[in-house]
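Per-entry structural report
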Amino acid sequence: MAQTTPSTQKNIIILGGSYGGISSTHYILKHVVPALPSSSSYQVVLVSTSTQAMCRPACPRALISDDFFDQQKLFVDITKGFEQYPNSSFRFVHGTATSLDHTARTVSVSVAADNSIESFAYHALVIATGASTPSPLFGLNQGETILRESWAAFRKALPAAKTIIIAGGGPAGIETAGELGEYLNGRAGWFSSNLANPKVAITVVTADSKILPALRASIAAKAEVQLAKVGVTVIKNARVTNAVPIGGAAGADRVSKTTVTLSDGQTMEADLYIPATGLIPNTNFVAKELLTSNGRVETSSTTLRVEKAGPRVYAVGDVSSAARPAIHILMEAIPVLCANLKRDLLLDAGKTESEVGAERTFKEDTSETQMVAIGTKKGVGAAMGWQLPSFMVWLIKGRDYWLWTTGNLWSGKQWTKET
């Protein structure tokens with residue numbers, strides 16, 4: 001039986017301790033709760049499967065060695081960013097949401113400290129649980145400890161690897177291939193179209209007719225040229241249909257020899273196999289009637305409300321159907337979600353429509369915007385439909401994979417002003 005936590009305060013619960021959840025929590029504490037009548041009667045509760053926040057885009061480089069990044073910046077204690085708020089207005093819960101009862105308006109959480117189940121009644125709810133990666137190498141799927149253990153196992157196997165297969169032609173797969181290629185093989189000279197006789201044969205397998213499907217074909221072609229310079233080849237129009245460890249079981253990161261079968265019937269062997277084929281929404285605690293066919297929370301694309309779940313329920317980020325998963329889109333969605341939450345709470349508190357004003361409307365940026373690093377020195381990409389030179393991709397993303405931006409996010413300085 002779940003233990004119900006008694007509270008005289010109205011809970012505003014945020015599920016998820018990454019970009020969407022932490023940003024929503026700071027914004028709500030700074031700009032929503034203080035504007036409410038009897039603001040002391042509300043408590044903001046942040047639930048996270050990890051006690052650490054991390055710059056997940058950095059994983060393709062970080063998985064190779066701790067030497068690439070300042071670990072104190074790559075991993076940050078979530079609670080430190082919230083010490084600025086009164087204890088009475090904020091609570092952090094280290095745990096995993098296990099069930100959402102949107103009729104009773106409760107969420108059950110498995111608390112990490114003792115595996116007990118705690119049930120929270122919510123007055124408002126923000127679902128920002130994100131998505132998991134097929135490989136444990138690329139994020140806090142199960143917390144920092146599991147991620148670091150996965151990196152350690154991968155690093156131990158890496159020196160002996162002569163063949164590496166990466167499934168997936170999106171940014172994670174391409175960036176991982178580029179980082180490994182440069183680290184293991186070096187880079188071909190200016191006048192060479194490819195790296196002859198690379199020390200390690202690295203192959204990317206993509207089901208698409210080109211890599212990087214979010215970018216135009218000419219930019220994808222440039223990425224493929226840059227990959228060739230670090231010893232990476234690309235197989236297109238084929239997907240991995242099976243990956244079987246040779247001589248015993250292995251985890252999803254395949255730190256043992258693996259037989260890989262492709263949809264075209266081709267069979268290949270890899271010393272290391274890395275699945276990087278997409279994201280799996282973290283929604284197994286949500287009722288099926290609230291989900292879309294691809295497992296994301298069905299969310300209004302304009303208000304960011306989860307309308308089927310009842311009043312004052314919202315979703316944002318990779319878990320939401322409102323927009324495609326992208327951090328720059330998420331950053332645009334946070335102020336809209338929080339403004340509508342504020343409006344809904346004010347109406348619930350007795351304010352009139354004329355007093356609270358019109359609701360905010362979100363509009364997804366559908367322009368061609370994506371940057372992809374190819375090793376530590378190169379990259380391709382576009383911003384708002386404009387192709388970016390390799391140097392600009394390096395300057396904005398490739399030099400540290402956005403680590404220069406995350407400090408203000410985790411501390412809440414990003415949301416000092418109400419926008």
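The structure presented is a predicted model; accordingly, all values stated were derived computationally and were not measured.

Some points on the sheet that holds strand E17 (residues 272-275)
Spatially, E13-E12-E11-E17 is the arrangement adopted by the four strands of the open sheet, whose pairing is parallel. In this open sheet, the two edge strands, each paired with only one partner strand, are strand E13 (232-235) and E17. The sheet shows a mean angle of 20° between the axes of neighbouring strands, taken without regard to direction. Pairing geometry for strand E11 (residues 163-167) and E17, over four bridges, is parallel. When the sheet's bridge partners are listed, Ala-167 is paired in E17 with Pro-275. Relative to the sheet, helix H5 (residues 171-185) contacts E11, strand E12 (201-205), E13 and E17, its axis offset from that of E12 by approximately 175°.

Some remarks on the nonpolar core
Core analysis: the biggest nonpolar cluster contains 90 residues, and Ile-12, Ile-28, Leu-74, Trp-151, Ile-164, Ile-166 and Leu-180 have the highest contact counts within it. Sorting elements by how many residues they give to this core places helix H7 (residues 327-348) first, with 11 residues. Domain assignment of the residues forming this core places at least three in each of domain 1 (10-133 + 279-366) and domain 2 (144-277). Once residues within four sequence positions are removed from consideration, Ile-28 is found in contact with Ile-12, Ile-14, Val-33, Pro-34, Val-44, Val-126, Cys-338 and Leu-341. Counting residues in each nonpolar core, the second largest holds 23 residues, with Val-45, Val-306, Ala-309 and Ala-315 among its members.

Examining the packing of aromatic side chains
Scanning all chains against the criterion turns up eight aromatic pairs. The interplanar angle of 55° and the centroid separation of 5.0 Å between the aromatic rings of Tyr-19 and Trp-410 together place this pair among those described as tilted. Of the two residues, Tyr-19 sits in helix H1 (residues 19-32) while Trp-410 sits in helix H10 (residues 403-411), which places them 391 residues apart along the sequence. In terms of burial, Tyr-19 and Trp-410 fall into one category: buried. An angle of 15° between the planes, with centres 4.6 Å apart, marks the rings of Phe-82 and Phe-90 as stacked.

Conventions adopted
Residues numbered from 1 in each chain as written. Predicted model: local features only at pLDDT ≥ 70, side-chain atom pairs only at ≥ 80, totals over all residues. Heavy atoms only, no water. Pairing = 2+ DSSP bridges. Helix = DSSP H or I, 4+ residues; strand = E, 2+ residues; numbered from the N terminus. Axes fitted to C-alpha atoms, helices over the stretch in contact; angles between N-to-C directions. Contact = heavy atoms within 4.5 Å. Core = buried A, V, L, I, M, F, W, Y, C linked by side-chain atoms within 4.5 Å. Buried < 20%, exposed > 50% of the residue type's maximum accessible area, 1.4 Å probe, protein only. Domains from an automatic or database assignment. Phe/Tyr/Trp six-rings, centres within 6.5 Å; stacked < 30°, edge-to-face > 60°.

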